[in-house]
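Inside the fold
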Amino acid sequence: MANPAQGAKYRGSIHDFPDFDPSQDAEALYTAMKGFGSDKEAILELITSRSNKQRQEICLSYKSLYGKDLIADLKYELTGKFERLIVGLMRPLAYSDAKEIKDAISGIGTDEKCLIEILASRTNEQIHQLVAAYKDAYERDLESDIIGDTSGHFQKMLVVLLQGTREEDNVVSEDLVQQDVQDLFEAGELKWGTDEAQFIFILGNRSKQHLRLVFDEYLKTTGKPIEASIRAELSGDFEKLMLAVVKCVRSTPEYFAERLFKAMKGLGTRDNTLIRIMVTRSELDMLDIREIFRTKYEKSLYSMIKNDTSGEYKKALLKLCGGDDDAAGQFFPEAAQVAYQMWELSAVSRVELKGTVRPAGDFNPDADAKALRKAMKGLGTDEDTIIDIITHRSNAQRQQIRQTFKSHFGRDLMADLKSEISGDLARLILGLMMPPAHYDAKQLKKAMEGAGTDEKALIEILATRNNDEIRAINEAYKEDYHKSLEDALSSDTSGHFKRILISLATGNREEGGEDRDQAREDAQVAAEILEIADTPSGDKTSLETRFMTILCTRSYPHLRRVFQEFIKMTNYDVEHIIKKEMSGDVRDAFVAIVQSVKNKPLFFADKLYKSMKGAGTDEKTLTRVMVSRSEIDLFNIRQEFIEKYDKSLHQAIEGDTSGDFLKALLALCGGED
């Protein structure tokens, strides 16, 4: 596998060793294992520096020279994770896969994740080699063993994948694409129950090129990605398998980058998964996996392995990884394009934005006002009624309830709520009762009050609101605090950061489409200010002003084009270069703008995740995002959250909050994904 097919560029991290001598290597390994103890450093250095094909030749030479089985000797001399890794490298890829599957279905219980990973990601040729290797190694039929160990639709899809008959031509019929979209829609969303056979047939047999077009058309036709329909219509291991197939169709390296991240995040390491992927992808697509890993998780694969493992095991894994992308700081061309496509495909312009809170049907402000008054009258407070009414009405309806409450009872509903509820629940409910612009204005005011400034809140609001929202915030700020927002920002911030915030606060972003010629010019300015252009021109102060103007005033569609032109021009992703070359609040503001342009729901999904991860909860950020996005794009944020973090927003809130605050947040969340 170390030499690429003709015309293809090799994307593995392990190459054929030059001046290779299998007999010499066999002798070196024999010496390393001879006598008391073994020279693990010599073993790992040699084996991780040879391609799989060369390792097979070493095995043959070892047997010829010493009449012994090299793998058996390695198993005897080494132990634990290091032994599993080294022995895995010594097997041909198909036999390595066969061993993994045999282990996954042997004994009590089945390792479904291993079956899913291997069978969803392998090519037809790799599947055929796997089936033959399994038969050769264990004298058993792989299909029969999988049928004996699995059941239902999960089993059926595994058997389909085991045939290795996915179409491989790149000629795609538009009519067939449309037909498949319709068949999938009718099999899931439009059907009472689900026709799983259609999902199995289409996802198990169509070519990757065809399926990518099907997924694009499905999104245009239904307004939701195919992944959302799979989650809604399928369940259990079958759902996980189908999602894995979709991920591998979209990008196999991205699928493995995600698997590696999940193998190492949190407490403990899933070493079997880590070993399996590092062994099997080291001569296929490790360079692409590395680059996507860095793009998606903002750290290099190398650094995560380094921090999560130890000893010879760590050294061997790092050799397979092949380099630290954080140190190099440069994208490979193919992976840079993949990085761009990752977010362009899910760009906001392609997806209908949906909130989770909608106007209540049969709305009766009179009845709601009376119910709220009753919930707050006398001893004790009926928080459940307050939560139920306020979280299930649109903001416009809540303003009607406020007016009706005052007309009926001569009382201010906001003042009554303040006196009856407290803490996190009060902040959430009172936030929902305010008109959006006034709520944002208040959040900005609080961010600038007292000692210290909450720069993150200022950035979050001003970098993500559209022109109409910004103008409304300016009016609300002036009305509520008798001071212009610009004056407040000027007195509370300074330098380039102040200029960025004031520029954003003018609400003057262009609203047209993209201009390709201008986009190339803008990308050149970005390259010059970030100091990666070949021929920098102009003074730095002038360039900084132009760069700020580009990010703060160009339209979102235009900026997406600028970012792609930047990748083509420099081979870098603009977000990562900003993080590398800039610092402090200026960096954070520019990164927030770029992330918002790339995918605003994902930006907010990240904010929500960070507000709840680790010890303690950032209730202010959690509340602010849930309140401000509930009628705009919280449904899309939910989808991005589960896609990136492998758990639903509902689950995250449930695990991190409690009591009435939890009830209100879950009501706003609007459902479990």
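The protein chain has the name Annexin in an unreviewed UniProt entry, where Ictidomys tridecemlineatus is given as its organism. Looking at the Function (unreviewed entry) heading of the UniProt record, one finds this comment for the protein chain: "May associate with CD21. May regulate the release of Ca(2+) from intracellular stores." The Sequence similarities (unreviewed entry) field of the UniProt record for the protein chain holds the comment "Belongs to the annexin family."

A count of helical and extended segments in the protein chain gives 40 helices and 0 strands. Taken over C-alpha atoms, the radius of gyration comes to 29 Å for the protein chain, in line with the 26 Å a tight globule of 673 residues would show. Principal axes of the C-alpha set define a box for the protein chain whose edges measure 100 × 65 × 55 Å. For the protein chain, the proportion of its 673 residues judged to be buried stands at 54%. Looking at the protein chain alone, contacts between residues at least 24 apart form 72% of all its contacts between residues at least 6 apart. A total accessible area of about 29500 Å² is found for the protein chain, and carbon and sulfur atoms account for 47% of it. Averaged over its 93 positive side-chain charges, the protein chain has a centre that lies 3 Å from the centre of its 114 negative ones.

Another point: the pattern of salt bridges. Enumeration over the complete set of coordinates arrives at 49 salt bridges. Notably, a salt bridge pairs Glu-100 with Arg-276, separated by 3.1 Å at the nearest N-O pair. With Glu-100 in helix α6 (residues 93–105) and Arg-276 in helix α16 (residues 271–281), this residue pair connects regions lying 176 residues apart in the sequence. One network of salt bridges, with partners in common, ties together Glu-100, Glu-117, Arg-259 and Arg-276.

Our focus in this paragraph is the side chain of Arg-55. Mapping Arg-55 onto the fold places it in helix α3 (residues 52–66). At 3.0 Å, the side chain of Arg-55 and the backbone oxygen of Leu-89 are in polar contact. Leave out the neighbours within four places in its chain, and Arg-55 touches Ile-14, Ile-47, Arg-50, Leu-89, Met-90 and Glu-283.

Per the counting criterion, the structure on display carries 14 aromatic pairs. Taken together through their ring pairs, the aromatic side chains of Tyr-30, Tyr-62 and Tyr-66 make up a single cluster. Geometry around Phe-17 places Arg-50 over its ring, the cationic atom sitting 3.7 Å from the centre. Lying over the aromatic face of Phe-409, Arg-373 brings its terminal NZ or CZ to 5.9 Å of the ring centre.

Cysteine pairs can be linked by a disulfide, which is a covalent bond between their two sulfur atoms. Applying the stated criterion across every chain yields a total of 0 disulfides. The thiol of Cys-248 is not disulfide-bonded; the next cysteine sulfur, from Cys-114, is found 13 Å away. The cysteine Cys-321 is free of any disulfide, with Cys-248 supplying the nearest cysteine sulfur at 20 Å. On the accessibility criterion, Cys-321 (0% relative accessible area) is buried.

The subject of this paragraph is the nonpolar core. Judged by nonpolar contacts, the single largest core of 103 residues is most densely connected at Phe-547, Phe-590 and Met-626. No other element matches the 14 residues that helix α36 (residues 584–612) contributes to this core. Look past the residues within four positions of Phe-547 in its chain and what remains in contact with it is Val-525, Ala-526, Ile-529, Leu-530, Ile-578, Met-582 and Phe-590. Among the nonpolar cores identified, the runner-up in size contains 94 residues, and Ala-244, Cys-248, Ala-257 and Val-279 belong to it.

Here we take up the side chain of Glu-291. With respect to the helices and strands, the residue Glu-291 is situated in helix α17 (residues 286–297). Reaching out from Glu-291, the side chain makes a polar contact with the side chain of Arg-294 at a distance of 2.9 Å.

With 12 residues, helix α1 (residues 22–33) extends 17 Å between its outermost C-alpha atoms, agreeing within 8% with the 16 Å of an ideal straight helix rising 1.5 Å per residue. Restricting attention to buried positions, one finds in α1 the residues Pro-22, Asp-25, Ala-26, Leu-29, Ala-32 and Met-33. Along the axis of α1, the buried residues cluster in a sector spanning 125 degrees; they form a single face. Structural note: α1 exposes Gln-24 and Thr-31 on the side pointing more than 90 degrees away from its buried face.

What follows is about the environment of Met-264. With respect to the secondary-structure elements, Met-264 resides in helix α15 (residues 236–264). Judged by relative accessible area, Met-264 falls into the buried class, the value being 2%. Sequence separation of Met-264 and Met-304 is 40 residues, and the distance between their C-alpha atoms is 7.5 Å.

What follows concerns the environment of Gly-204. Within the secondary structure, Gly-204 is located in helix α12 (residues 196–205). A residue is classified by how much of its surface remains accessible, and Gly-204, at 4% relative accessible area, is buried. The spatial distance from the C-alpha of Gly-204 to the C-alpha of Cys-114 is 18 Å, given a sequence separation of 90 residues.

Here we take up the packing of helix α28 (residues 455–464) against helix α37 (residues 619–629). In the contact formed by α28 and α37, the axes pass within 11 Å of each other and the chain directions differ by 10 degrees. Our classification of the angle between α28 and α37 gives roughly parallel. Of the residues in α37, those touching α28 at Ala-457, Glu-460 and Ile-461 are Thr-621, Arg-624 and Val-625. Here the contact of α28 with α37 is composed, by residue class, of 3 nonpolar, 1 polar and 2 charged.

Looking now at helix α26 (residues 423–433). With 8 of 11 residues buried, α26 is to be regarded as a mostly interior element. Looking only at α26, the buried set comprises Leu-425, Ala-426, Leu-428, Ile-429, Leu-430, Gly-431, Leu-432 and Met-433. Along its buried surface, α26 packs onto α23 (383–391), α24 (395–409), α25 (413–420), α27 (436–448), α37 and α40 (659–669).

About the criteria used
Residues numbered from 1 in each chain as written. Predicted model: local features only at pLDDT ≥ 70, side-chain atom pairs only at ≥ 80, totals over all residues. Heavy atoms only, no water. UniProt positions renumbered as here; feature names shortened; annotations may be inferred. Helix = DSSP H or I, 4+ residues; strand = E, 2+ residues; numbered from the N terminus. Rg over C-alpha atoms; globule rule 2.2 N^0.38 Å. Buried < 20%, exposed > 50% of the residue type's maximum accessible area, 1.4 Å probe, protein only. Contact = heavy atoms within 4.5 Å. Areas by Shrake-Rupley, 256 points an atom, 1.4 Å probe, with all protein chains shown as cover. Lys, Arg positive; Asp, Glu negative; His and termini not counted. Charge placed at Lys NZ, Arg CZ, Asp CG, Glu CD. Salt bridge = Lys/Arg side-chain N within 4 Å of Asp/Glu carboxyl O. Polar contact = N/O pair within 3.5 Å; in protein donor to acceptor, adjacent residues only side chain to side chain. Phe/Tyr/Trp six-rings, centres within 6.5 Å; stacked < 30°, edge-to-face > 60°. Lys NZ or Arg CZ within 6 Å of the ring centre and 35° of its normal. Disulfide = S-S within 2.5 Å. Core = buried A, V, L, I, M, F, W, Y, C linked by side-chain atoms within 4.5 Å. Expected span 1.5 Å × (residues − 1). Arc of directions from axis to C-beta. Axes fitted to C-alpha atoms, helices over the stretch in contact; angles between N-to-C directions. Parallel < 35°, antiparallel > 145°, perpendicular 65-115°, else oblique. Nonpolar A, V, L, I, M, F, W, Y, C, P; charged D, E, K, R; others polar.

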